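Chain and residue survey
The chain contents come next:
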Amino acid sequence: MEETCRNEIERLHAFFVQWFTGAISKEEFSDAVFSENMCRIDPFGTMVNRSQLIQTLMEAYACHEGRQFSIEIRHPRLVWNQEHTCLMTYEEWQLLDGESTSRRSTALFQRKEEAPCGVEWVHLQETWMNAKESTMTPPPSPPRSPPRSPRTTKSSVEKPFLARTPSLVSKRRHLSPQLSDYHATMIQKEGEVVGIELHGWRISTQQHSIGDDAWFSQATERLQESAQPPRPTIEHAETHSVTHRHVCLPEMVFPRAHVTMEKGEGGSKLKFGAYPALLEWAKAHQSIPLGSSHENKGVSVLQVADAKLWTSKSLDGAAHSNFHYDWTFSTPFACTTTMDVSWTPLESSGMNLALLQDQSVPILLFDQVVLYEDDLHDNGQVTLTCKIRVMPTCVFCLQRLWVRVDHVLLRVRDTRVSLEFHTGKVFRDVVWRQCEWNQLAELGLPTELRKWCPETGGVSDNEWQAALAKIPQVELPSDLPAHAVLDEN
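Residues numbered from 1 in each chain as written. Predicted model: local features only at pLDDT ≥ 70, side-chain atom pairs only at ≥ 80, totals over all residues. Heavy atoms only, no water.

1. Here we look at the sheet that holds strand 2 (residues 47–49)
This is how the line gets drawn: For two strands to be treated as a pair, DSSP must find no fewer than two bridges joining them. A run of H or I in DSSP becomes a helix once it reaches four residues, and a run of E becomes a strand once it reaches two; helices and strands are each numbered from the N terminus. Angles shown run from 0 to 180 degrees and are taken between the N-to-C directions of axes, each axis being a line fitted to C-alpha atoms and, for helices, limited to the stretch in contact. Two residues form a contact once any of their heavy atoms are found within 4.5 Å.
The strand order across the open sheet formed by 6 strands is 2-1-6-5-4-3, and the pairing between neighbours is mixed. Among the strands making up the open sheet, the edge pair consists of strand 2 and strand 3 (69–82). Recorded for the sheet is a direction-independent mean angle of 15 degrees between the axes of neighbouring strands. Taken together, the 9 bridges between strand 5 (residues 99–111) and strand 6 (residues 119–128) define a ladder with antiparallel strand orientation. Counted as the bridge partner of Arg104 is Thr127 from strand 6. Along the sheet, helix 2 (residues 50–59) makes contact with strand 1 (34–41) and strand 2, crossing strand 1 at roughly 75 degrees.

Okay, here's the thing in structure tokens:
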């Protein structure tokens, strides 16, 4: 639940930035995140209830329109956790037209499934972090910026970057207000911030929306073709019978979601995306005969006792046996690179852990995007996500495939990529883990299903990471080295 509360803190304050700058409409406001017993004590000691808080927020809509306003959440920490209740503390740093204020907040959450992140705010107490702020005069209501006349158009002047961040951007994205201190610049496309440029590298992220019906139809056709076995030669064509394999895609695919690192304009590029991941998954089927349990590059057709589970994804009117594919979507994908670079295997990891764990420098950009996910017809979960953290000295990416087939197996495939700015070196580490459900107890791992549902199981982030680390490692495909460095050809 700790991670869920962290997500909610980040999500709500990202919403506040857009709300106070008028970057979103009033219709996007939802009071579902506030408990009926919600109480807020602001830094001046004023206590308000739920209805008063909502009224204040409604009156404050677009109060900073046209001004440079941002909120940064620092050091979120768990104080106390019990079943469906969690107490968190964090720092909130606001920047308005170059003037910063900071407050330390303590927030009490309780689980609520209907809320955006699965929790609601019950109590919030805020305290100024320095003496100057504590002597400020509390406003009777949030002040509105003076009217600007005539209203400027988008083409004549650009609004501050946070005010222009679209709602389709990842809710987890964070841009530090200290970018200029480290000579980092924002990358904008069509008026939207898509990333930052630092030390000659362009680093960008995007979440965007689920693919529409047209995209799913076209992508399914292309991926299905890629999943077919090699065509027979002319001399064997008459005696060789091939049954066309049918495949389906995950229920939620985000085709425009990506995490990308590019060396200058048109230089070598590394990219994590949904379609390249699904393409490698599809191609791996070429060497898996229909009806076979053969495995190729970590892809196989899992057949479990519950036949309804592994045969449930099918197209109306198609031959049932043709739907023989990996319905857990366990891709071997480990990052796309441009053709002029390649991965050279290493004996051990080349990543500089001291550099990656250095807390003396700020995180200039953080984001987590979902590439695809599926609930396996309510029989489990598969998600492919990618996190990125950009610091003044390095970049770190973690792509994670998480598969849970309830009471059958657990599967984790991690691809870590690090970029060191001072050397220009890019390293990659790949670890695959897998465990049958009936082996969990002997490994000292929980067998309760809820313990393997991080979003709803009340599991802290530390407990979750520790549990994943105990899942046994499995062998990688022969063409996927555990440790590698990127070389330019």
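2. Describing helix 8 (residues 461–470)
Just so we agree on the cut-off: Only protein chains enter the calculation, and the probe is 1.4 Å; a residue is then buried if its accessible area is under 20% of its type maximum, exposed if over 50%, and partly exposed in between. This arc describes the spread of directions from the helix axis toward the C-beta atoms.
For helix 8, the full list of buried residues reads Trp464, Ala467 and Leu468. All buried residues of helix 8 fall inside an arc of 100 degrees around its axis, so they share one side. Check the buried side of helix 8 and you find it contacts strand 18 (394–405), strand 19 (409–420) and strand 20 (426–436).

3. What to know about the packing of aromatic side chains
So the rule is basically this: Whether two aromatic rings pair depends on their centres lying within 6.5 Å, for rings of Phe, Tyr and Trp, where Trp uses its six-membered ring; planes under 30 degrees apart make the pair stacked, over 60 edge-to-face, and the rest tilted.
Here the structure, examined in full by the defined rule, presents 16 aromatic pairs. Seen in terms of ring centroids, Trp19 and Phe29 are 5.2 Å apart; in terms of plane orientation they differ by 45 degrees. Their pairing is tilted. Remark: Phe29 occurs in the loop between helix 1 (2–21) and strand 1 and Trp19 occurs in helix 1; sequence separation between them is 10 residues. With respect to burial, Trp19 and Phe29 carry one shared label: buried. Seen in terms of ring centroids, Trp402 and Trp452 are 6.3 Å apart; in terms of plane orientation they differ by 25 degrees. Their pairing is stacked.

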